[in-house]
Amino acid sequence: MPDPLDPFDPTSNRRRFLQVGAAGAFLCTIGGETVSVAKRGDAVKADAAASKVTRPNAKAKAAAAGPTEQQKYVTPDPQPGGRKVEYWIQAVETKWTIVPFKRDDWHGTKIPGSTTFKATVYQQWTEGFAAPLGPAAIPGPTLHAEVGDTLVVHFRNGFKTLDQAVTMHPHGVKYNPEYDGVYLGEYTRAGGFIEPTEEFTYTWECVPESVGAWPYHDHGPNHTLNTFRGMFGSLVIRNKGEGLPPVTQSLFLHQLQPPVTGLKRSFQCINGRAYAGNTPVIRAKVGQEVALHVFGMDNNFHDFHIHGHRWKDSAGAFVDTPSVGPNETTTVRFVEDNPGRWLYHCHVFSHQDAGMAGWYLVE
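What this report covers is the structure whose coordinates are included nearby.

The rules we used
- Residues numbered from 1 in each chain as written.
- Predicted model: local features only at pLDDT ≥ 70, side-chain atom pairs only at ≥ 80, totals over all residues.
- Heavy atoms only, no water.
- Pairing = 2+ DSSP bridges.
- Helix = DSSP H or I, 4+ residues; strand = E, 2+ residues; numbered from the N terminus.
- Axes fitted to C-alpha atoms, helices over the stretch in contact; angles between N-to-C directions.
- Phe/Tyr/Trp six-rings, centres within 6.5 Å; stacked < 30°, edge-to-face > 60°.
- Buried < 20%, exposed > 50% of the residue type's maximum accessible area, 1.4 Å probe, protein only.
- Lys NZ or Arg CZ within 6 Å of the ring centre and 35° of its normal.
- Salt bridge = Lys/Arg side-chain N within 4 Å of Asp/Glu carboxyl O.

Looking now at the pairing of strand β23 (residues 340-345). With 2 bridges connecting them, strand β18 (residues 305-306) and β23 associate as antiparallel partners. Along β23, the bridge assignment pairs I306 with Y344. By the bridge criterion, 6 bridges tie β23 to strand β24 (residues 357-362) in an arrangement that is antiparallel. Pairing of W342 across the sheet is with Y360, part of β24.

Structure, rendered in structure tokens:
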């Protein structure tokens, strides 16, 4: 009798799952349930599992808590001379079009078929959630601060049709467990389970070790699926008094696959868009300082290449194709000296040819 979990049995479920791995298959563990997201439509199963996850019982947890859970934490203030930098961020569902111009401007080819799906994203609002500051987009807003500041993020779960808790979890900055923004099962603290219509305020410290660019993303019960369909953004932390280079951009390299989007084909994306002319067009002038923060934001390893350019890595060596893994960052920084139309792209060939490329224009 065949074993349904034997990867060497051609009839096994595990073998079939591994065979479709290149198409974006993955497993989600959601509230104790393991969900295979391997084909179009499977995202509905993950959302259904997430909707059944209930808020952890804080009183029961406290009664049975050990010394770690009994600790109390204080909301930090800015360091002397620092500021409280506030943002209002809402999680929303939105229709997102991956190839709005329906063509690849690099090869001059049409991209047929639908490229629109329901994304989950972070959207910046004005103070007190009075109004959106701009359209909901992939990625979410870039949050800026300096060493000594606290980043104070007022977060609201604005989901309308998805009945599930979400969070904001940052990399790079300092925080105590109240502001980790992670679902921990029965050990979950307040910031790790924000249900629709609820709000929570995170406070993150910008310490000297925070200087650089870092991602943030959902870390609620359904974090894998929500991150894959757009719930991510960047933090850029600078030294005190340091200005932003005139050309600054966060670029996320990631795939949007049928199990996530429900579309018929896969797209290799930069900031939620695929193919040159749809991906971000970066513009600079000779003499300007350029800082491009490049993130890996899926299960793959990518690299980043700009034609006609090279720059120093953290060790001081000149490079032109650094790699990034899942949630890794590389910062491309140089003074522009080479005018023209240049291609930038991931140099994994199957990624660049499936959409992970764009234009860099230098006057």
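Moving on to the sheet that holds strand β22 (residues 329-335). Taking strand neighbours across the sheet as the criterion, the 4 strands line up as β14-β13-β16-β22 in an open arrangement whose pairing is mixed. Because the sheet does not close on itself, it has two edges, and the strands there are β14 (267-270) and β22. Looking at each pair of strands side by side, their axes are set apart by 15° on average, direction ignored. One ladder, built from 4 bridges, connects strand β13 (residues 247-256) with β14; its direction is antiparallel. Among the inter-strand pairings, H254 is bridged to a residue of β14, identified as C269.

With that out of the way, let us pick up the packing of aromatic side chains. Tallied over the full model, the rule gives 13 aromatic pairs. Considering the side-chain rings of F26 and F228, the 4.9 Å spacing of their centres and the 80° angle between planes classify their relative orientation as edge-to-face. Placement of F26 in strand β1 (residues 26-30) and of F228 in helix α4 (residues 223-228) is noted, with a sequence separation of 202 residues between them. Overall, F26 belongs to the buried group, its relative accessible area being 5%. On the basis of relative accessibility, which here comes to 12%, the residue F228 falls in the buried class. Put simply, the rings of Y122, F155, Y179, F200, Y202, W204 and Y216 touch in pairs and so form one group of aromatic residues. Between the NZ or CZ atom of R273 and the centre of the ring of W96, over which it lies, the distance is 3.9 Å. The ring of W359 has R341 lying over it, and the distance from NZ or CZ to the ring centre is 4.9 Å.

All right, on to the pattern of salt bridges then. If you walk through the whole model with that rule in mind, you get 15 salt bridges. In this structure, K39 engages D42 in a salt bridge whose closest nitrogen and oxygen atoms are separated by 3.2 Å. One network of salt bridges, with partners in common, ties together K39, D42 and K45.

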